[in-house]
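Descriptive structure summary
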Amino acid sequence: MKKVISILSAAAVALGLTVAVTPSAFAACGGKLKIAYQGPLTGDYAAIGLNELRGVQFAVKKSGLDIEVKEVDDQGNPAVAGPIAPSVAQDDCIIGLVGPAFSGASKVSLPIYKSAGLPIITPSATNPDLFSMGGDIFHRAVLTDDFQGPALARLVMSKVKNASVFLIDDASDYSVGLAKLVNYTLGSRVVGKDTTPQGTTDFASTIAMIKKSKANAVIYTGYFAEAATLVKQLRDSGSKATFAAGDGVVDAQFIKLARKAAEGALLTAPAVPFDAASPKLAAEFKKVMGTEPGIYSTESYDAANFFLAAIAKGNKDRASVLNYINKNSFKGLSKTLRFDNKGEVAGVDVNGFTVKNGKIVLSGPIR
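Residues numbered from 1 in each chain as written. Predicted model: local features only at pLDDT ≥ 70, side-chain atom pairs only at ≥ 80, totals over all residues. Heavy atoms only, no water.

1. Observations concerning the sheet that holds strand β12 (residues 351-356)
On the basis of which strands lie adjacent, the open sheet formed by 7 strands has the order β6-β5-β7-β8-β9-β12-β13 and mixed pairing. A single partner strand is all that each edge strand has here, and the edge strands are β6 (190-195) and β13 (359-365). Sheet twist, expressed as the mean angle between neighbouring strand axes with direction ignored, is 20°. The sheet contacts of helix α7 (residues 173-186) involve β5 (165-169), β6 and β7 (217-220), and relative to β5 the element is tilted by about 160°. Helix α9 (residues 224-236) rests against β5, β7 and β8 (242-245) of the sheet, and its axis sits at about 170° to β8. (Pairing = 2+ DSSP bridges. Helix = DSSP H or I, 4+ residues; strand = E, 2+ residues; numbered from the N terminus. Axes fitted to C-alpha atoms, helices over the stretch in contact; angles between N-to-C directions. Contact = heavy atoms within 4.5 Å.)

See below:
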């Protein structure tokens, strides 16, 4: 049965179709139970994925349960995520998945996981439309861009006098969605826009547009690799416009790549830093994992612990784990995870951050 499903899955992916994988096609797990993590573990955005993976691994290590963490590297790319999702769905021993990390990868993965009844909790995919693709298997541990977009706009308006903004997206699902909400909130304060696709290394034409617009703030809604290149070139051009960005840039790699050009950047994320949530546990994380926790390590840790709580209660198949997640709550480090009928979490904030003295410093909830 699995061989037939694999052939159909490969054919469907090749044709750009969604493959249906029904839960009845699977036998019970014959080995060790697994929690999967899906996100970018290689490529330009691997730093975000590794932060999240380590959060999952740390949770499993602390649980004392005999659970395997299955690493699923989608590089944050829908073109990679689509072909690998069927093989994840077909692994009977995977009874929960933390991820996908990115919204674009989520869009192509969720229909496959939905048909397989595989419950997921994403720690960081913020596109508001994801429930429509995942249905009741979908859960999100953070607020959507419906909240982050306006918060990013408010942060800039509160920090930049008479803000006039040049808005840039990178053409990805995440970036375009976030930019749309920033634009709606700022209205006439947006004096120029541009799209610079992922992988852009020369921002000269965009910087010329920024200068022509006379904007005193630049908001970029993409990820840290391109953001670092953009802000370096912006500063090299002599521009002193305030640089601001969303959660795709809240990573130490942004500072490492941009160096002094990153100083003063305003950032937002619907995330709680591990050391802010628990300095003691953050120190233990560093000792056990050999590295500092990063953006969304906390949310991934919480998501994994919700799955582990379900397993500890005797739920050892997808259907019972899904039922547990849908009907119960879990008090995590970042927040209490309690999901509504669309898999969304409530009662939390979008936080603001500033790059100060070479570090990303939490400034607190954006009001």
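2. Things to note about empty space enclosed by the protein
Taken as a whole and assessed by the stated rule, the structure comprises 1 cavity of 30 Å³ or more. Size it by volume and the largest cavity reaches roughly 100 Å³. What lines the largest cavity is simply Ile48, Ala101, Phe102, Ser103, Ser124, Ala125, Thr126, Tyr174, Tyr223, Asp247, Gly248 and Tyr296. Residue composition of the lining of the largest cavity, by class: 7 nonpolar, 4 polar and 1 charged. (1 Å grid on protein atoms, 1.4 Å probe; cavity = no way out; pocket = protein on both sides within 12 Å on 5 of 7 lines; lining within 4 Å. Points joined across faces, edges and corners; volume = space filled by probe spheres on them. Nonpolar A, V, L, I, M, F, W, Y, C, P; charged D, E, K, R; others polar.)

3. A few points about the pattern of salt bridges
Scanning all chains against the criterion turns up 7 salt bridges. Of the charged contacts in the structure, one is a salt bridge between Lys32 and Asp66, with a shortest N-O distance of 3.2 Å. Of the two residues, Lys32 is situated in the loop between α1 (2-14) and β1 (34-39) and Asp66 in the loop between α2 (46-63) and β2 (68-73); the sequence distance between them amounts to 34 residues. A relative accessible area of 57% means that Asp66 is categorised as exposed. Measuring nitrogen to oxygen at the nearest pair gives 3.5 Å for the salt bridge that ties Asp173 to Lys107. Of this pair, Asp173 sits in helix α7 while Lys107 sits in helix α4 (residues 103-116); the two residues are 66 residues apart in sequence, bridging distant segments of the chain. Since its relative accessible area comes to 33%, Asp173 is described here as partly exposed. (Salt bridge = Lys/Arg side-chain N within 4 Å of Asp/Glu carboxyl O. Buried < 20%, exposed > 50% of the residue type's maximum accessible area, 1.4 Å probe, protein only.)

4. Notes on the layout of surface pockets
Left-over empty space is what a probe sized like a water molecule reveals as it rolls over the atoms. The space that makes up the largest pocket amounts to roughly 730 Å³. Lining the largest pocket we find 27 residues, and of these Ala252, Glu292, Pro293, Gly294 and Ile360 sit closest to its centre. Put simply, the parts of the chain that give the lining of the largest pocket at least two residues each are α2, α10 (252-258), α11 (274-277), α12 (279-289) and β13.

5. Side note on the state of the cysteines
Enumeration according to the criterion identifies 1 disulfide in this entry. The disulfide partner of Cys29 is Cys93, and the S-S distance across this bridge is 2.0 Å. Around the S-S axis, the bridge from Cys29 to Cys93 shows a dihedral of about 90° and counts as right-handed. Highlighted residues: Cys29 in the loop between α1 and β1 and Cys93 in the loop between α3 (78-89) and β3 (94-98), separated in sequence by 64 residues. (Disulfide = S-S within 2.5 Å.)

6. Here's the deal with the packing of aromatic side chains
Scanning the entire structure with this criterion turns up 14 aromatic pairs. Taking 5.2 Å as the distance between ring centres and 50° as the angle between the ring planes, the aromatic pair formed by Phe274 and Phe285 counts as tilted. With a gap of 11 residues between them, Phe274 in helix α11 and Phe285 in helix α12 connect regions that are remote in the sequence. Both residues of the pair, Phe274 and Phe285, belong to the buried class. An angle of 65° between the planes, with centres 5.5 Å apart, marks the rings of Phe274 and Tyr301 as edge-to-face. Of this pair, Phe274 sits in helix α11 while Tyr301 sits in helix α13 (residues 297-312), placing them 27 residues apart in sequence. Connected via pairs of aromatic rings, a cluster forms that spans Tyr45, Phe102, Tyr174, Tyr223 and Phe224. (Phe/Tyr/Trp six-rings, centres within 6.5 Å; stacked < 30°, edge-to-face > 60°.)

7. Considering the nonpolar core
Ranked by internal contacts, the top residues of the largest apolar core, which has 77 residues, are Phe243 and Phe254. In terms of residue count, the dominant contributor to this core is α13 (9 residues). For Phe254, the contacting residues outside a window of four places in its chain are Phe224, Ala227, Ala228, Val231, Phe243, Val249, Arg259, Ala262, Ala265 and Val355. Counting residues in hydrophobic clusters, the runner-up holds 20 residues, among them Leu143, Ala153, Leu167 and Val350. (Core = buried A, V, L, I, M, F, W, Y, C linked by side-chain atoms within 4.5 Å.)

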